[in-house]
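Analysis of the macromolecular model
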Amino acid sequence: MQNDLTLESWGRFPAALHSGEIVPRSIDEVRNSMRSVDASLLPRGMGRSYGDSCLNDGGYLLSTKRLDKFMHFAPDTGVLRCESGVTLDEILRVFVPQGWFLPVTPGTKYVTIGGAIANDIHGKNHHREGTFSNHVIRFELERSDGTRFLCSRDENRDWFRATVGGIGLTGVILWAELKLRPIAGPYIEMESIKFDSLDEFFQISHSSGGLFEYTVSWLDCLSSNDVRGLFMRGNHIDKEEKAELKITHKTSQWKTFPCDAPSYLLSTPSIKLFNFIYYNKQLNKIKKSIVHYDPFFYPLDSINHWNRMYGKSGFLQWQCAVPVNDNYEAIRLILRKIHKSGLGSFLVVFKEFGNHPSEGMLSFPMSGITLAMDFPNREKKIFSFLDRLDEVVVDVRGRIYPAKDARMSRNTFRASFPSVNEFTSYIDPKFSSSFYRRVGG
Amino acid sequence: MLKPSKMLVFGATSAIAYETIKLFAKDGTSFYLCSRKEDELKRLADDLIVRGAKEVRFATFNALDVNSVTEAVNDCLIKFPDLDGLFIAHGFLPDQKVCETSIDSMRQVIDINFTSAATILTIVANYFEKRGTGTIIAVSSPGGDRGRQSNYVYGSAKGALTVFLSGLRQRLSRAGVSVITIKPGFVDTPMTVDFKKGILFVGPEVIARGIYKAVLKGKSEVYLPAYWRFIMMIIKHVPEMIFKKIKL
Ligand SMILES: Cc1cc2nc3c(=O)[nH]c(=O)nc-3n(C[C@H](O)[C@H](O)[C@H](O)COP(=O)(O)OP(=O)(O)OC[C@H]3O[C@@H](n4cnc5c(N)ncnc54)[C@H](O)[C@@H]3O)c2cc1C
Ligand SMILES: NC(=O)c1ccc[n+]([C@@H]2O[C@H](COP(=O)([O-])OP(=O)(O)OC[C@H]3O[C@@H](n4cnc5c(N)ncnc54)[C@H](OP(=O)(O)O)[C@@H]3O)[C@@H](O)[C@H]2O)c1
């Protein structure tokens, strides 16, 4: 057992004090690891969740960092079986040179397979490929009483549905099988397009969906009228030679964010300036380029510990998904509120989800729009402001994303995930998290 | 320098060995893996195949049982008659205090770290010499460069290994067989779990990259990271009169 009691989540808020971290060295050791503690437990991957869903204040964490082995790969089908602590980074390292890519990837490659399933994560290709778990064929789950379930769409389907998006509460995912997708090389052909209004965003988004596998936008809500931003869209390149022509970005690890940043770095004027530069850096309406997958998918990964930029008190993320059957009224209202509040956000990420049904009882993605942003945790008023945004979301039957949450209310959680009643009966009696004690329980 | 295409690995389950053979697996190397733990070896074999290894076989051995050592080597030579790589990475870091009073413990440390390695080296060296090709990599330690009161039993076993390897290198250089001595500094592995991790600690993947490079460049003796060569140079040159009075 390791006694690193100060493990944080990526947002560094809230703080938690753990009793310890258990690190089983193999799948077979997981059973004894679970038995070895007498307080509550929570599986832990890379800790890339922002709020408190990967924290278990007062209890133990069961780290999967040594469940890091590949088990099998079938080159004819692209089906990979691996232990749950294998990271997306490791999969890319081994498989991109062999011509395979992840079916779905989030904005960081430093997440584990277990974490990807437990939050049923989504990526820039949701409109085409659905969520991560949509590409998971099966996995094995172990409960604290020693029972194991092989879970798939055919076998123990209820446990499959509870564990996908089940935020680590149903047991430990030991290993999983997922389907990789073939690629011709590591490069992405991308375009970034400036837009000046929400209507323009929707128009570009709708015309891009069929032509581009990956779409995502960056929004500036601090400009006075309406919104503006950049719409990024891309496809894997089919021919490797094409990529040799003009590679605009090579992969590189820049540096580690050295220390906790002073708070003036994040005042509203400096965010305004940042957004202004970001937007105006691109002079033309459309910019086309060929980039390596690393800067395209994982721009933030090039700075280790960029989360320290927000200083010691950490930061809050807020990500919602709202259906769009109301002529985008809810999303317009949310954007207006963000603008009016003057509470800046470096990164407002905006994307249209597709219709692919999510399979987990608590899966977050739904057909509609998703919007994510972060705030330094400096002013109390952010909390009440976000509560008001939650109300808008809940009113239109939208959802708040647990992987990024440190503050939503019990009611918001219940309204976001009406299947929570069904979910409760699958929770392992020995498992708990700071998040679930706050919103569920 | 040619990369080995078939490699026999002792202590394959060690953190340093695993990180290293991962790099060779990518090149399509075949392996014969040895450790005490069959389940772990099976798990490693599956992992290495996915990473690109061509063929992986394994066998258990205990460094304290000389028969199990020779059996493993001989079986490997039957399965891979064209073996061209040997990687010795098993080792045991004892509680020095125990070794000061228990003769059994003291001898075990020497057997695990030195005698078993010398046994493997003797058989494989003759085999490679006859075939006129091969690369031998063995993990020794800077701790073998000079005896220190805190760690001289382990240190003397590793020191003996270093001397053995250096003699072997001289003998085999004419036969076209290269012998590489690896001396890692402080590495964050299960062997050092109870150590307080200072700034001199590095991850096993750093050592692995160094070993991989050393093979490609046909090096003889490498300290990893390289600054350990300077640290050890200083430690080695302190006169014995002074050295005996400091606690290191
Ligand atoms: C820069 C950045 C960008 C991101 N972009 C996206 C994005 O685009 N889309 C998106 O969906 N998410 C995104 N995320 C969030 C991230 O993908 C999720 O939080 C993910 O679940 C983190 O995985 P992890 O391995 O770090 O797990 P952790 O954060 O350690 O744990 C997450 C949850 O998984 C559970 N868990 C972990 N391993 C297991 C296991 N073996 N068995 C059972 N339960 C387990 C934990 O208990 C916890 O509830 C982003 C995060 C960052 C930091
Ligand atoms: N870590 C450091 O700081 C450091 C520094 C310098 C040198 N080294 C050397 O590096 C090498 C690898 O060590 P590591 O740090 O990676 O440690 P590790 O992960 O703890 O590995 C130790 C290895 O030794 C094997 N082993 C131990 N006793 C054995 C026995 N009686 N019979 C057979 N195998 C035995 C283990 O195999 P099983 O348990 O599977 O049988 C395991 O593979 C060792 O030679 C060590 O001396 C380490």
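Position labels on residues start from 1 in each chain and follow its written sequence. Labels follow written order: the first chain is A, the first ligand is 1, and so on. At least 70 in pLDDT is required for a residue's local features to be given in this predicted model, at least 80 for side-chain atom pairs to be given and counted, and no such filter applies to totals for whole chains, interfaces and linings, which use all residues. Just so you know, side-chain values use all the structure's heavy atoms and leave hydrogens and water out.

1. With respect to the overall build of chain A
Summing up its helical and strand segments, chain A has 14 helices and 21 strands in all. Here chain A, with 441 residues, has 61% of them falling under the buried criterion. Throughout, a contact is declared for two residues whenever any of their heavy atoms are within 4.5 Å. Of the contacts formed within chain A by residues at least 6 apart in sequence, a portion of 74% connects residues at least 24 apart. Element-wise, carbon and sulfur atoms account for 52% of the exposed surface of chain A, whose accessible area totals about 17,900 Å². In DSSP terms, a helix is any run of H or I states spanning at least four residues, a strand is any run of E spanning at least two, and both are numbered starting from the N terminus. Any residue under 20% of the maximum accessible area for its type is buried, any over 50% is exposed, and the rest in between are partly exposed; the area is computed with a 1.4 Å probe on protein chains only. Each accessible area value is a Shrake-Rupley result obtained with a 1.4 Å probe; residue values ignore everything except the protein chains displayed when judging cover.

2. Observations concerning the site of ligand 2
Residue and element names in this part refer to chain B. As a matter of local geometry, ligand 2 sits amid 28 residues, with Thr-13, Ser-35, Arg-36, Tyr-154 and Thr-189 nearest to it. Definition of a polar contact: a pair of N or O atoms within 3.5 Å, with one able to donate and the other able to accept a hydrogen when the atoms are protein atoms, and with sequence-neighbouring residues admitted only if both atoms are side-chain atoms. At 3.2 Å, a backbone N or O of His-90 approaches an oxygen atom of ligand 2. A distance of 2.9 Å is found between an oxygen atom of ligand 2 and a side-chain nitrogen or oxygen belonging to Lys-158. Relative to its unbound accessible area of 890 Å², ligand 2 is 93% covered by the protein chains. Elements that contribute at least two residues to the shell around ligand 2 include exactly α1 (15-25) and α6 (152-173). Three residue categories are used. Nonpolar comprises Ala, Val, Leu, Ile, Met, Phe, Trp, Tyr, Cys and Pro, charged comprises Asp, Glu, Lys and Arg, and polar comprises the others, including Gly. For the shell around ligand 2, a count of residues per class yields 13 nonpolar, 12 polar and three charged. By convention in this text, a residue qualifies as near a molecule or strand provided that one of its non-hydrogen atoms is within 4 Å of it.

3. Points about the nonpolar core
All names here are of chain A. In this structure, Phe-95, Ile-113, Phe-132, Trp-318, Ile-334 and Leu-371 are the most contacted members of the largest nonpolar core, which totals 107 residues. The element best represented in this core is helix α11 (residues 381-395), accounting for seven residues. Those residues in contact with Ile-334 that sit more than four places away from it in its chain are Trp-318, Cys-320, Val-322, Leu-371, Leu-389, Val-392 and Val-393. Here, nonpolar core refers to any group of buried Ala, Val, Leu, Ile, Met, Phe, Trp, Tyr and Cys residues whose side-chain atoms link them within 4.5 Å.

4. Observations regarding the packing of aromatic side chains
Any two rings among Phe, Tyr and Trp, with Trp reduced to its six-membered ring, count as a pair given centres within 6.5 Å; such a pair is stacked if its planes are under 30 degrees apart, edge-to-face if over 60, and tilted if neither. Going through the model one piece at a time under the given rule, you end up with 37 aromatic pairs over all chains. Charge-over-ring contacts are defined here by two conditions on Lys NZ or Arg CZ: a distance within 6 Å of the ring centre and an angle within 35 degrees of the ring normal. The ring of Phe80(B) has Lys6(B) lying over it, and the distance from NZ or CZ to the ring centre is 5.9 Å.

5. Observations regarding a positive patch on the surface
Residue and element names in this part refer to chain B. Each patch is built from salt-bridge-free residues with over 30% relative accessible area, joining like charges within 9 Å and nonpolar side chains (Val, Leu, Ile, Met, Phe, Trp, Tyr) within 5 Å. The salt bridge definition used is simple: a Lys or Arg side-chain nitrogen within 4 Å of an Asp or Glu carboxyl oxygen. The charge count includes Lys and Arg as positive and Asp and Glu as negative, but it does not include His or the ends of the chains. Where a charge lies is defined by one atom per residue type, namely NZ (Lys), CZ (Arg), CG (Asp) and CD (Glu). Where like charges cluster on the molecular surface, the positive patch consists of Arg-209, Lys-213, Lys-217, Lys-219 and Arg-229. Considering every element that reaches the positive patch, the biggest residue donor is helix α7 (residues 204-217), with three residues. Residue classification places Lys-213 among the exposed residues on the basis of a relative accessible area of 52%.

6. Here's the deal with the side chain of His292(A)
Take His292(A): it is sitting in strand β16 (residues 286-292). Looking at His292(A), its side chain comes within polar contact range of the main-chain nitrogen of Asp294(A), at 3.0 Å.

7. Things to note about the environment of Gly360(A)
Residues and elements named next belong to chain A. For Gly-360, the position within the fold is in the loop between β19 (348-353) and β20 (368-376). For Gly-360 and Gly-47, which are 313 residues apart along the polypeptide, the C-alpha to C-alpha distance reads 21 Å. When residues no more than four places from it in sequence are discounted, the contact partners of Gly-360 are Asp-120, Arg-161 and Val-164.

8. A closer look at the side chain of Ser63(A)
All names here are of chain A. Residue placement: Ser-63 occurs in strand β3 (residues 60-63). Only 3.1 Å separates the side chain of Ser-63 from the backbone nitrogen of Lys-65, close enough to count as a polar contact. With residues near it in sequence (within four places) discarded, Ser-63 still touches Glu-21, Ile-22, Val-23, Pro-24 and Arg-44.

9. Re the sheet that holds strand β7 (residues 221-224) of chain B
Residue and element names in this part refer to chain B. Read across the sheet, seven strands follow the order β3-β2-β1-β4-β5-β6-β7 without closing on themselves; strand pairing throughout is parallel. For this open sheet the edge positions go to β3 (56-60) and β7, each flanked by a neighbour on one side alone. The sheet shows a mean angle of 15 degrees between the axes of neighbouring strands, direction not considered. In this description, strands pair whenever DSSP reports at least two bridges between them. Pairing between strand β1 (residues 6-10) and strand β4 (residues 85-88): four bridges, direction parallel. Looking at the pairing, Met-7 lines up with Gly-85 of β4. A fitted line through C-alpha atoms represents every axis, and for helices the fit uses only the stretch in contact; the resulting angles, taken between N-to-C directions, go from 0 to 180 degrees.

10. Brief notes about a nonpolar patch on the surface
On the surface, Phe186(B), Ile199(B), Leu200(B), Tyr227(B), Phe230(B) and Met233(B) cluster together into a nonpolar patch covering about 620 Å² of accessible area. With respect to the secondary-structure elements, Phe230(B) resides in helix α8 (residues 228-237).

Any functional reading would require information beyond the geometric quantities listed.
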